[in-house]
Amino acid sequence: MTNSNNIGIVLSFFALWIATYFSVEYQQITGFVIIFLFGILHGANDLRLISKIKNEKSVNNYRKILVYYLTFVTTGVLLFYLLPEWALVIFILVSAYHFGEQHWNQLSTEKNSPIISLFQLVYGLFIFALLFYFHQKEVTVIIGEIIHSPIKAFNFTYLLQFNGLLLIAFSLVMLWKNTIFKNQLPVNLVYLILFTIIFRNSNLIWAFAIYFIIWHSLPSIKDQICFLYGQYSFQNFVQYFKAAFLYWFVSVTGIALLYFLFRKEAVFTALFFSFLAAITFPHVLVIMKMQNRIKEN
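Note that this is a predicted model, so its numbers are computed, not measured.

Reading the values: rules and limits
- Residues numbered from 1 in each chain as written.
- Predicted model: local features only at pLDDT ≥ 70, side-chain atom pairs only at ≥ 80, totals over all residues.
- Heavy atoms only, no water.
- Helix = DSSP H or I, 4+ residues; strand = E, 2+ residues; numbered from the N terminus.
- Buried < 20%, exposed > 50% of the residue type's maximum accessible area, 1.4 Å probe, protein only.
- Contact = heavy atoms within 4.5 Å.
- Areas by Shrake-Rupley, 256 points an atom, 1.4 Å probe, with all protein chains shown as cover.
- Phe/Tyr/Trp six-rings, centres within 6.5 Å; stacked < 30°, edge-to-face > 60°.
- Core = buried A, V, L, I, M, F, W, Y, C linked by side-chain atoms within 4.5 Å.
- Axes fitted to C-alpha atoms, helices over the stretch in contact; angles between N-to-C directions.
- Parallel < 35°, antiparallel > 145°, perpendicular 65-115°, else oblique.
- Left-handed = near helix turned anticlockwise from the far one by under 90°.
- Nonpolar A, V, L, I, M, F, W, Y, C, P; charged D, E, K, R; others polar.
- Patch = residues over 30% accessible without salt bridge, like charges linked within 9 Å, V, L, I, M, F, W, Y side chains within 5 Å.
- Salt bridge = Lys/Arg side-chain N within 4 Å of Asp/Glu carboxyl O.
- Polar contact = N/O pair within 3.5 Å; in protein donor to acceptor, adjacent residues only side chain to side chain.

## Some details on the overall build of the protein
Here is step 1: Summing up its helical and strand segments, the protein has twelve helices and zero strands in all.
Here is step 2: In the protein, which comprises 297 residues, the share counted as buried stands at 46%.
Here is step 3: Counted over contacts in the protein with a minimum sequence separation of 6, partners at least 24 positions apart contribute 77%.
Here is step 4: As displayed, the protein has an accessible area near 15,800 Å², and 67% of this comes from carbon and sulfur atoms.

Right under this line is the structure:
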């Protein structure tokens, strides 16, 4: 268990404790705020990461990358507008893989094998299923808003059980094939117990914020800084933040505007996750390429 993960455990319990002093409304507001601040930040340097991966530093190449990136984001937005059901399914699958890849990025020093990639996907799907299970009513409402159609019945218990069985099956395969996984399994079982406690005892947005920020965004920022600048330090974090500031500021301003326009309507949460999805699609591809470049070196 690394120092970063020890800090993550402490921060998680602190977040659970401090939430006991907040009403459900303030948990949601605080959850949205920290997602705005740190969640969006962890994807705000994608253009710089692409330039580093491709080793392209000219202004023209940077502009070309920017056009491709914005096209990808716009496609995500249009997908949610035109085909919301398919967009939601794709978003969950892509995000699940992204969460699993970040959490288990130490599994291989080589380019990801299909078994490792499938395990990472299944692990991320289990995290989603666990979160959905403890917040079935809220998730049902949000999904209904996103797809513009109310959901009459969906058995989240079966979803959790199915994903749990898949995770056990792939874990057995990984135990047989991967020594690193065998060494990491005990501590990750502890993490799953921790995530269960968090999801069970927090409001949906607060629970998602704890996991998304502490166990995904902050570790991802650290990995990105190491990739861009060679090592993690406070000075390099400042450089990272300065490079990301414009994209981060525009994104936060846009989502803040949505909040002030729709804060009293249930549709805001759906808009919020749709916005996250649109910027998640290209971000996941960038991080995949970054991880592959790290493994090549």
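## Points about the packing of aromatic side chains
Here is step 1: Inspection of the entire model under this criterion finds 26 aromatic pairs.
Here is step 2: Geometrically, the ring pair formed by W104 and F119 is edge-to-face, given 5.2 Å between the ring centres and 75° between the ring planes. Linking W104 in the loop between α5 (84-103) and α6 (114-134) with F119 in helix α6, this pair joins segments that are 15 residues apart in sequence.
Here is step 3: Taken together, a centroid distance of 5.0 Å and an interplanar angle of 90° make the contact between F195 and Y211 edge-to-face. Separated by 16 residues along the polypeptide, F195 in helix α9 (residues 179-201) and Y211 in helix α10 (residues 204-229) bring together distant segments of the chain.
Here is step 4: Using a relative accessible area of 0% as the deciding quantity, one classes F195 as buried.
Here is step 5: Taking relative accessible area as the criterion, Y211 reaches 3% and is therefore assigned buried.
Here is step 6: Here the aromatic residues F99, F128, F132, F154, F156, Y191, F195, F199, F208, Y211, F212 and W215 are joined through ring pairs into a cluster of three or more.

## Some remarks on the nonpolar core
Here is step 1: In this structure, F195 and F199 are the most contacted members of the largest nonpolar core, which totals 86 residues.
Here is step 2: Here the element with the most residues in this core is α10; it accounts for 17 residues.

## Thoughts on the packing of α5 against α6
Here is step 1: The contact between α5 and α6 brings their axes to 7 Å, and the two run at 110°. Considering their axes alone, α5 and α6 lie roughly perpendicular with respect to each other. Once α5 is placed against α6, the crossing between them reads as right-handed. The segment α5 lies against α6, with I92, L93, S95, A96, Y97, F99, G100, E101 and H103 engaging S117, Q120, L121, Y123, G124, L125, F128 and F132.
Here is step 2: Split by residue class, the contact of α5 with α6 holds ten nonpolar, six polar and one charged.

## A closer look at the environment of F275
Here is step 1: Note that F275 resides in helix α12 (residues 267-296).
Here is step 2: Note: C-alpha distance between F275 and F80 (195 residues apart in sequence) is 9.3 Å.
Here is step 3: Setting aside its immediate chain neighbours within four residues, F275 contacts I40, S251 and I255.

## Considering a nonpolar patch on the surface
Here is step 1: On the surface, a nonpolar cluster with roughly 460 Å² of combined accessible area is contributed by I7, L11, V33, L37, F38 and L218.
Here is step 2: Counting residues per element, the ones that place at least two in the nonpolar patch are α1 (3-19) and α2 (24-39).
Here is step 3: Looking at the element boundaries, L11 is found in helix α1.
Here is step 4: Take L11: its relative accessible area is 36%, and that puts it in the partly exposed class.

## A word on the packing of α2 against α10
Here is step 1: Relative orientation of the contacting elements α2 and α10 amounts to 15°, with a least axis distance of 9 Å. As summarised for this structure, α2 and α10 are arranged roughly parallel, according to the angle between their axes. Taken as a pair, α2 and α10 cross one another with a handedness that is left-handed. Together, Q27, Q28, T30, G31, F32, I34, I35, F38 and G39 of α2 and I205, W206, F208, A209, F212, I213, S217, L218 and I221 of α10 make up the contact between the two elements.
Here is step 2: Residues that form the contact of α2 with α10 fall into these classes: twelve nonpolar, six polar and no charged.

## As for the side chain of S12
Here is step 1: In this fold, S12 is placed in helix α1.
Here is step 2: Among the polar contacts made by the side chain of S12, one reaches the side chain of W215 at a distance of 2.8 Å.
Here is step 3: Every residue in contact with S12, bar those within four places of it in the chain, is listed here: L194, I198, I210, I214 and W215.

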